[in-house]
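One-letter residues, chain by chain:
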Amino acid sequence: AQALLIGAVCALAMQCAIGNPHNLQRYDLLFGALAIALALGAGQWLVNGAIRYLGKISYSVYLIHFAMLAPAVRAASMVTEQPVFKFWLILAVTTTLSALAASVTYYLIESNGIRLGHALARRIAGTPARPVRPSIAGEAASPTPDWSAR
């Protein structure tokens, strides 16, 4: 499963870098192989603090990454015209800029919106205000309801 995952990721990256974007069947097969490898349990090494943090700020990354793509393409074009290196450079610059900008927007805007949403939901439900810590994959949301009190 690990070999399938690594092979699919490498083939997909190369296809993106030098492939024909109109050949969608090849992308479908590569994404299918990637999904099968992950379903078989490969990629446990992908679950780490950096990936969890990107999951936490993922909505902000989603909203901001297109704005970061143009500066990344301009920067990569100044460095090289070699397609494979240019692809990896654009990927690295876009990922870095998106993560930095998304971190700022997450803490300044999104986290406040989440808190406001929780407060409004509690007010509508008529329950007392209490802090709620957003859950991270694999952890239960806090606070945990006390079902024995019912």
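This one's a predicted model, so the numbers in the text were calculated from it and none came from an experiment.

### Let's talk about the packing of helix H4 (residues 58-79) against helix H5 (residues 83-125)
Moving on, step 1. Running from amino to carboxyl end, H4 crosses H5 at an angle of 145°, the nearest separation of the two axes being 7 Å. For the pair H4 and H5, the sense of crossing is right-handed.
Moving on, step 2. Residues of the contact of H4 with H5, tallied by class, amount to 18 nonpolar, six polar and two charged.

### Some remarks on the packing of helix H3 (residues 49-56) against H5
Moving on, step 1. The N-to-C vectors of H3 and H5 enclose an angle of 55°; their axes lie 10 Å apart at closest approach. Between H3 and H5, the crossing angle belongs to the class labelled oblique. The way H3 lies across H5 gives a crossing that is left-handed. Contacts from Tyr53, Leu54 and Lys56 in H3 reach Ala99, Ser103, Tyr106 and Tyr107 in H5.
Moving on, step 2. Grouping the constituent residues of the contact of H3 with H5 by class yields five nonpolar, one polar and one charged.

### Observations regarding the side chain of Thr80
Moving on, step 1. With respect to the helices, strands and loops of the structure, Thr80 is situated in the loop between H4 and H5.
Moving on, step 2. For Thr80, a relative accessible area of 15% corresponds to the buried category.
Moving on, step 3. For Thr80, the side chain forms a polar contact with the main-chain nitrogen of Gln82, separated by 3.0 Å.
Moving on, step 4. Residues in contact with Thr80, not counting those within four places in the same chain, are Phe85 and Lys86.

### Topic: a nonpolar patch on the surface
Moving on, step 1. A cluster of nonpolar residues, Ile6, Leu38, Trp45 and Leu46, forms a patch on the protein surface that exposes about 380 Å² of accessible area.
Moving on, step 2. Residue class for Leu38 comes out partly exposed when judged on its relative accessible area of 41%.

### Remarks on the pattern of salt bridges
Moving on, step 1. In the structure shown here, the tally under the stated rule is one salt bridge.
Moving on, step 2. With a shortest N-O distance of 3.7 Å, Lys86 and Glu81 are connected by a salt bridge.
Moving on, step 3. Exposure remark for Lys86: the relative accessible area of 18% places this residue in the buried category.

### Focus on the packing of aromatic side chains
Moving on, step 1. Per the stated rule, a full pass over the model turns up three aromatic pairs.
Moving on, step 2. Ring geometry for Phe87 against Trp88: centres 5.2 Å apart, planes inclined by 75°, an arrangement best described as edge-to-face.
Moving on, step 3. By relative accessible area, Trp88 is classed as partly exposed at 40%.
Moving on, step 4. Relative to Tyr107, the ring of Tyr106 has its centre 5.0 Å away and its plane inclined at 90°; by these criteria the two rings are edge-to-face.

### What about the environment of Asn48?
Moving on, step 1. With respect to the element layout, Asn48 can be found in the loop between helix H2 (24-39) and H3.
Moving on, step 2. On the basis of relative accessibility, which here comes to 33%, the residue Asn48 falls in the partly exposed class.
Moving on, step 3. Within the structure, Asn48 has its side chain in polar contact with the backbone nitrogen of Ile51 (distance 2.9 Å).

### Regarding the environment of Ala101
Moving on, step 1. Note that Ala101 resides in helix H5.
Moving on, step 2. For the pair Ala101 and His65, spaced 36 residues apart in sequence, the C-alpha separation works out to 8.8 Å.
Moving on, step 3. Dropping the residues within four chain positions of it, Ala101 is found in contact with Ile64 and Met68.

### Describing the confidence of the model for the protein chain
As a general rule, the predicted coordinates of low-pLDDT regions are not to be interpreted in detail.
Moving on, step 1. Across the protein chain, pLDDT averages 78, with 72% of residues at or above 70.
Moving on, step 2. Confidence scores differ between elements of the protein chain, with helix H1 (residues 2-18) showing the lowest mean pLDDT of 69 and H4 the highest of 91.

Conventions and cut-offs
- Residues numbered from 1 in each chain as written.
- Predicted model: local features only at pLDDT ≥ 70, side-chain atom pairs only at ≥ 80, totals over all residues.
- Heavy atoms only, no water.
- Axes fitted to C-alpha atoms, helices over the stretch in contact; angles between N-to-C directions.
- Helix = DSSP H or I, 4+ residues; strand = E, 2+ residues; numbered from the N terminus.
- Left-handed = near helix turned anticlockwise from the far one by under 90°.
- Nonpolar A, V, L, I, M, F, W, Y, C, P; charged D, E, K, R; others polar.
- Parallel < 35°, antiparallel > 145°, perpendicular 65-115°, else oblique.
- Contact = heavy atoms within 4.5 Å.
- Buried < 20%, exposed > 50% of the residue type's maximum accessible area, 1.4 Å probe, protein only.
- Polar contact = N/O pair within 3.5 Å; in protein donor to acceptor, adjacent residues only side chain to side chain.
- Patch = residues over 30% accessible without salt bridge, like charges linked within 9 Å, V, L, I, M, F, W, Y side chains within 5 Å.
- Areas by Shrake-Rupley, 256 points an atom, 1.4 Å probe, with all protein chains shown as cover.
- Salt bridge = Lys/Arg side-chain N within 4 Å of Asp/Glu carboxyl O.
- Phe/Tyr/Trp six-rings, centres within 6.5 Å; stacked < 30°, edge-to-face > 60°.
- pLDDT = per-residue confidence, 0-100.

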